[in-house]
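Listed here are the chains, written in short residue letters.
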Amino acid sequence: MTEAITYSRRGVPRLVQILIWAFLVGLLVLVGFGVSRAYQGTVQPGYEVPDFSLTLFSGYEYNGQSEVKISDLRGKVVFINFWASWCKPCEQEAAVLEEAWKYYQPGGKVVFLGLDYVDTEPEARVFLKKFGNTYPNGPDLGTRISQLFRIKGVPETFIVDTNGIIRYVKIGPFLTVDEIRAMIDPLLP
């Protein structure tokens with residue numbers, strides 16, 4: 001005599017199915033947003049810089065402060081440079097940036113900010129010391145700030161006017177102080 005074995009077929013509860021589908025749709029939306037943002041490219045002139053804070057390396061403070069908030073710099077021209085110790089083009093421009101900083105620093109109307117990108121602090125400090133850089137510098141922890149600017153590599157520089165609007169974007173190294181002055185001087189009152 002054969003016994004029929006019956007299995008009860010229980011499906012996944014409806015609520016669990018809905019939650020799984022909602023999760024998958026949400027994931028697809030996030031991926032789509034990330035892809036569309038990647039295709040937008042680097043922010044361009046005319047873009048208002050969102051507020052952010054940069055924690056500075058010890059010894060590279062701004063007016064004795066270990067952190068600088070970009071909104072606190074309104075009224076000044078801000079030179080934002082993304083760099084890294086492993087970046088060869090960054091080495092090309094390092095001395096030029098320091099020379100420009102020394103030119104503008106006494107007037108107090110221009111602030112240079114160096115943002116060390118995807119690097120370690122010991123290597124960054126060696127780089128800064130090697131090239132004699134003295135302007136405020138700090139790490140872009142977790143690439144938080146570089147994501148705001150949607151940078152594609154280093155060096156990339158953004159020159160922000162006194163109202164917090166990006167006026168110039170430079171991808172690649174600056175080769176002369178005159179090149180920097182040609183972008184900053186027209187923005188000064």
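This text goes with the structure placed above it.
Fair warning: this is a prediction, and the values are worked out from it, not measured in the lab. (Residues numbered from 1 in each chain as written. Predicted model: local features only at pLDDT ≥ 70, side-chain atom pairs only at ≥ 80, totals over all residues. Heavy atoms only, no water.)

1. Re a nonpolar patch on the surface
On the surface, a nonpolar cluster with roughly 680 Å² of combined accessible area is contributed by V12, V16, I20, W21, F23, L24 and L27. With respect to the helices, strands and loops of the structure, W21 is situated in helix α1 (residues 14–40). (Patch = residues over 30% accessible without salt bridge, like charges linked within 9 Å, V, L, I, M, F, W, Y side chains within 5 Å. Areas by Shrake-Rupley, 256 points an atom, 1.4 Å probe, with all protein chains shown as cover. Salt bridge = Lys/Arg side-chain N within 4 Å of Asp/Glu carboxyl O. Helix = DSSP H or I, 4+ residues; strand = E, 2+ residues; numbered from the N terminus.)

2. A few points about the sheet that holds strand β5 (residues 137–139)
Through backbone hydrogen bonds, the strands of a sheet pair up, either in parallel or in antiparallel fashion. Ordered in space as β5-β4-β3-β6-β7, the five strands form an open sheet in which the pairing is mixed. Strands with a single pairing partner mark the edges of an open sheet, and in this sheet they are β5 and β7 (166–171). The mean angle between the axes of side-by-side strands here comes to 20°, regardless of whether they run parallel or antiparallel. In this sheet, β5 lies alongside strand β4 (residues 110–116) in parallel orientation, the contact comprising three bridges. From the neighbouring strand, D116 faces β5, where its bridge partner is P139. Packed on one face of the sheet, helix α2 (residues 88–104) meets β3 (77–83) and β4 and runs near 155° to β4. (Pairing = 2+ DSSP bridges. Axes fitted to C-alpha atoms, helices over the stretch in contact; angles between N-to-C directions. Contact = heavy atoms within 4.5 Å.)

3. A look at the nonpolar core
I80, F82 and F149 are the most contacted members of the largest nonpolar core, which has 33 residues in total. Listed by contribution, the elements that provide at least two residues to this core are β3, α2, β4, α3 (121–131), α4 (144–149) and β6 (156–160). Examining the composition of this core, we find that four residues originate from one element, β3, more than from any other. Discounting residues that sit within four places of it in the chain, F82 has contacts with L115, D140, I145, S146, F149, I151, V154, P155, E156 and F158. Counting residues in hydrophobic clusters, the runner-up holds 17 residues, among them F174, V177, M183 and L187. (Core = buried A, V, L, I, M, F, W, Y, C linked by side-chain atoms within 4.5 Å. Buried < 20%, exposed > 50% of the residue type's maximum accessible area, 1.4 Å probe, protein only.)

4. Observations concerning the packing of aromatic side chains
With the rule as written, the count across this model stands at twelve aromatic pairs. The interplanar angle of 65° and the centroid separation of 6.4 Å between the aromatic rings of W101 and Y135 together place this pair among those described as edge-to-face. Residue W101 is found in helix α2, and its partner Y135 is found in the loop between α3 and β5; the two are separated by 34 residues along the sequence. With respect to class, W101 is no different from Y135; both count as buried. Note on F149 and F158: the rings are 4.7 Å apart at their centroids and 45° apart in plane angle, and the pair reads as tilted. An aromatic cluster is defined as three or more aromatic residues linked by ring pairs; in this entry it consists of F79, W101, F112, Y135 and F174. When the ring centre of F174 is taken as origin, the NZ or CZ atom of K170, which lies over that ring, is 5.5 Å away. (Phe/Tyr/Trp six-rings, centres within 6.5 Å; stacked < 30°, edge-to-face > 60°. Lys NZ or Arg CZ within 6 Å of the ring centre and 35° of its normal.)

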